[in-house]
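Residue-level structure breakdown
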Amino acid sequence: MLYLGIIGYPLSHSISPRIHNAVMEYLRIQGRYLAFEVKPSELKDAIFGAKALGFTGLNVTIPYKEEVLKFVKPVGEAKLAVNTIDLRKMEGYNTDIYGVEMAFKNSKLEVEGKIALVVGAGGAGKAIALALMKMGAKVVLTNRTESRGLEAVRELREYGECIFYPMEKIGELKIDIVANATPVGMKGFSSGIPVPEEILKPGMIVFDAVYNPVETPLIKKAKEIECRVVSGLEMLVYQAEKAFEIWTGIKPPVSLMKKVALEALNFQEK
Ligand SMILES: NC(=O)c1ccc[n+]([C@@H]2O[C@H](COP(=O)([O-])OP(=O)(O)OC[C@H]3O[C@@H](n4cnc5c(N)ncnc54)[C@H](OP(=O)(O)O)[C@@H]3O)[C@@H](O)[C@H]2O)c1
């Protein structure tokens, strides 16, 4: 049996179990992907407990992507944040970066040479910033808590050009891409948008890591203003593709994963 799972807190929004269980069923792999809401005080026990129980791997989500670095060895860029653990080797990977790269690649929108504002400095913020940097964008990162934003920029600078800008001053910037990496707009969290509406301009590229609802308040507003949009659902599906490949060595069917994700979210929206 292949045992996989996701840990986070809270975890009510995750559709990863639906995606990975559908893949295992399609590939006729006997296994189960389960969601575990783990309290902060029990994070270490949860990871080592899953390993002891014979789990192959775990996904890690909000708010533990950086915290788990205390317990696993990061592979490459995962030293910024870990979203996938291979429990057999106690190694941590970051497949969110690949997820963002694929989301932009599929959108066919040009990123090279553009100025990108990334809002958020957690695991998703750092993954999105790095993916955009790798695609040739100049990244400006902002965050509600300045100290955390500055620390994220310090870490990201190892990989290329990236600066911090305080949230209250982002109206001064000339930006081509806005990427949300905060939970603002997520179902059950808030129905707001993470940036002042005035900074959105026609033709701008707007990406939202939030994928539940599929059309987030930011994406809705961006479409009204005639921005070009990239969905967080693409990031979700491609980070899942890469994670499954790390755990099993098998490339899963992405079209099936997208279909299942959309079905799960449409169902949740009703
Ligand atoms: N599409 C995908 O595949 C994908 C992948 C990863 C994450 N995500 C989504 O991305 C979001 C962030 O995830 P994460 O793992 O990076 O979480 P995280 O590590 O906990 O970081 C959260 C970030 O959001 C900021 N934030 C939280 N509440 C805020 C608010 N009310 N106003 C402004 N900023 C706020 C935090 O700022 P402070 O430092 O000030 O607290 C921090 O920068 C989540 O909604 C998650 O579901 C999506």
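How each quantity is defined
Residues numbered from 1 in each chain as written. Predicted model: local features only at pLDDT ≥ 70, side-chain atom pairs only at ≥ 80, totals over all residues. Heavy atoms only, no water. Helix = DSSP H or I, 4+ residues; strand = E, 2+ residues; numbered from the N terminus. Rg over C-alpha atoms; globule rule 2.2 N^0.38 Å. Buried < 20%, exposed > 50% of the residue type's maximum accessible area, 1.4 Å probe, protein only. Contact = heavy atoms within 4.5 Å. Areas by Shrake-Rupley, 256 points an atom, 1.4 Å probe, with all protein chains shown as cover. Lys, Arg positive; Asp, Glu negative; His and termini not counted. Charge placed at Lys NZ, Arg CZ, Asp CG, Glu CD. Core = buried A, V, L, I, M, F, W, Y, C linked by side-chain atoms within 4.5 Å. Domains from an automatic or database assignment. Buried area = accessible area lost by both parts, 1.4 Å probe. Salt bridge = Lys/Arg side-chain N within 4 Å of Asp/Glu carboxyl O. Polar contact = N/O pair within 3.5 Å; in protein donor to acceptor, adjacent residues only side chain to side chain. Nonpolar A, V, L, I, M, F, W, Y, C, P; charged D, E, K, R; others polar. Axes fitted to C-alpha atoms, helices over the stretch in contact; angles between N-to-C directions. Parallel < 35°, antiparallel > 145°, perpendicular 65-115°, else oblique. Left-handed = near helix turned anticlockwise from the far one by under 90°.

Check the secondary structure of the protein chain and you find 8 helices and 12 strands. Computed over its C-alpha atoms, the radius of gyration of the protein chain comes to 18 Å, within 12% of the 18 Å expected for a compact globule of 270 residues. In terms of its C-alpha atoms, the protein chain occupies a principal-axis envelope of roughly 55 × 40 × 30 Å. Burial analysis of the protein chain (270 residues in total) assigns 54% to the buried set. Contacts spanning at least 24 positions in sequence make up 66% of the contacts within the protein chain whose residues lie at least 6 apart. Counting only carbon and sulfur atoms, one obtains 53% of the accessible surface of the protein chain, whose full area is about 12400 Å². Looking at the protein chain, you have 35 positive and 32 negative side-chain charges, and the mean spots of the two groups are 4 Å apart.

Counting 35 residues, the largest nonpolar core has Phe104, Val118, Ile128, Leu132, Leu141 and Phe207 as its most contacted members. Sorting the residues of this core by element identifies α3 (96–107), β7 (115–119), α4 (123–134), β8 (138–142), α5 (146–156), β9 (162–164), β10 (177–180) and β11 (205–208) as the ones contributing at least two each. With 8 residues, the single largest contributor to this core is α4. In contact with leucine 132, not counting residues within four places along its chain, are Phe104, Val111, Ala116, Val118, Ala137, Val139 and Ala179. Membership of the second largest hydrophobic core comes to 25 residues, among which are Leu4, Leu236, Val237 and Ala243.

Segmentation of the protein chain into domains returns domain 1 (2–95 + 239–269) and domain 2 (98–233). Between domain 1 and domain 2, the C-alpha centre-to-centre distance is 24 Å. Contacts between domain 1 and domain 2 engage 23 residues on the former and 23 residues on the latter. When domain 1 packs against domain 2, close to 1900 Å² is buried across both sides, 56% of that on carbon and sulfur atoms. Put simply, lysine 126 and glutamate 66 hold a salt bridge, and the shortest N to O gap is 2.7 Å. In this structure, the connection of domain 1 to domain 2 is made through 8 residue pairs in polar contact (both at pLDDT 80 or more). Looking at the side of domain 1 that touches domain 2, the elements with two or more residues in it are α7 (232–248) and α8 (254–269). When residues in the side of domain 1 that touches domain 2 are grouped by element, the largest group, 6 residues, is from α8. Partitioned by chemical class, the residues of the side of domain 1 that touches domain 2 number 7 nonpolar, 7 polar and 9 charged.

Glancing now at the packing of helix α1 (residues 16–26) against α7. Helix-helix packing: each pair is described by the crossing angle between the helix axes and the interaxial distance. Look at α1 against α7: their axes get within 11 Å of each other, and the N-to-C directions meet at 50°. One element, α1, and the other, α7, form an angle in the oblique class. The crossing of α1 and α7 is right-handed. Touching Ser16, Ile19, His20, Val23 and Met24 of α1 are Leu236, Ala240, Phe244 and Trp247, all from α7. Class assignment for the residues of the contact of α1 with α7 results in 7 nonpolar, 2 polar and no charged.

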